[in-house]
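# Structural description and commentary
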Amino acid sequence: MKGRRQRALGQNFLVAEDIARRIAEVFLAIRGTEEPTPTQILEIGPGDGALTRHLPRPLTLAEFDPDLITRWKSETGVTVIAGDAVQTVGPWIQAQDTQVAVISNLPYNASTAILAHLVEVSTKVPCMVLMFQ
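Since we're looking at a predicted model, the values are computed, not measured.

### Thoughts on the overall build of the chain
Counting secondary structure elements, the chain contains 4 helices and 5 strands. Along the chain direction, N to C, the helices and strands of the chain fall in the order α-β-β-α-β-α-β-α-β. Counting across all 133 residues of the chain, residues that qualify as buried make up 46%. When contacts within the chain are restricted to residue pairs at least 6 apart in sequence, those whose partners lie at least 24 apart make up 63%. When the accessible surface of the chain is summed, it comes to about 6,900 Å², and 55% of that surface belongs to carbon and sulfur atoms.

Now the structure itself:
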């Protein structure tokens, strides 16, 4: 299902399937070399799911767009953190008992703020693959 991107939310969806697949493959390879291997994967801003469809379940998604939240909540093996990632991702990562690997095509409007929060919790995030729109 293709979503309608909303400029007000800084959305710019990744649409090149071959690039999305390769990014996910690299992410999973890097994640696999970390010790201990994180048991959780967090994707920030999954959009239409270009990266999401290449990631194993269980998977946690952080999403702000109400339409996409509804869509992803119906997906098997997916947990959704609903709300602004600037406010939700850091506390969610801190609350986890395990380390968290993060992947994202970060929304332009919030990329700097999200990165700053990820740096603050970096002891729990051994692996990050981030694209900046």
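Once you've had a look at it, read on.
### Focus on the pattern of salt bridges
Per the stated rule, a full pass over the model turns up 4 salt bridges. Among the salt bridges present, the one from arginine 22 reaches glutamate 25, with a minimum N-O distance of 3.6 Å. Highlighted residues: arginine 22 and glutamate 25, both in helix H1 (residues 17-33), separated by 3 residues, approximately one helical turn. Judged by its relative accessible area of 40%, glutamate 25 falls in the partly exposed class.

### Considering the packing of aromatic side chains
In total, this model carries 0 aromatic pairs according to the counting rule given. A cation over a ring is seen here: arginine 71 above tryptophan 72, with NZ or CZ 4.3 Å from the ring centre.

### Focus: the nonpolar core
The biggest cluster of nonpolar side chains holds 20 residues, and the ones touching the most others in it are Ile23, Phe27, Leu51, Leu55 and Ile103. Elements with a minimum of two residues in this core: H1, strand S2 (59-63), helix H2 (66-73), strand S3 (78-82), strand S4 (100-106) and strand S5 (127-132). Counting residues per element, this core draws most heavily on H1, which supplies 4 residues. Sequence-distant contacts of phenylalanine 27, defined by excluding residues within four places in its chain, comprise Ile41, Leu55, Ala101, Val102, Ile103, Cys127 and Val129. Residues Leu42, Ile81, Val89 and Leu106 belong to the second largest nonpolar core, which totals 16 residues.

### Some thoughts on the pairing of strand S1 (residues 40-44)
Across the 5 residues of S1, 5 count as buried, placing the element largely inside the fold. Burial along S1 is two-sided: the face carrying Gln40, Leu42 and Ile44 and the face carrying Ile41 and Glu43 are both buried. The sheet contact formed by S1 and S4 spans 5 bridges and is parallel. Residue isoleucine 41 lies in a different strand from S4, and its bridge partner there is alanine 101. Here 3 bridges tie S1 to S2, and the two strands are oriented parallel to one another. The residue bridging isoleucine 44 from the neighbouring strand is alanine 62, located in S2.

Cut-offs and rules
Residue positions are given per chain, counted from 1 along the sequence in the order it is written. At least 70 in pLDDT is required for a residue's local features to be given in this predicted model, at least 80 for side-chain atom pairs to be given and counted, and no such filter applies to totals for whole chains, interfaces and linings, which use all residues. Hydrogens and water molecules were not included; the side-chain quantities draw on all heavy atoms of the structure. Labels follow the DSSP assignment, with helices taken as runs of H or I lasting at least four residues and strands as runs of E lasting at least two, numbered in each case from the N terminus. Exposure classes here rest on a 1.4 Å probe applied to the protein chains alone. A residue is buried below 20% of its type maximum, exposed above 50%, and partly exposed in between. By the convention used here, residues are in contact when the closest approach between their heavy atoms is within 4.5 Å. Note on areas: Shrake-Rupley with a 1.4 Å probe; residue coverage comes only from the protein chains shown. By convention in these notes, a salt bridge is any Lys or Arg side-chain nitrogen within 4 Å of a carboxyl oxygen on Asp or Glu. Pairing of aromatic rings covers Phe, Tyr and Trp, the last through its six-membered ring, and needs centres within 6.5 Å; plane angles under 30 degrees mean stacked, over 60 mean edge-to-face, and all others mean tilted. Counted as over-ring charges are cases with an Arg CZ or a Lys NZ within 6 Å of the ring centre that also lie within 35 degrees of the ring normal. In this description, a nonpolar core means a group of buried Ala, Val, Leu, Ile, Met, Phe, Trp, Tyr and Cys residues linked to one another through side-chain atoms lying within 4.5 Å. Strand pairing is defined by DSSP finding a minimum of two bridges between the two strands.

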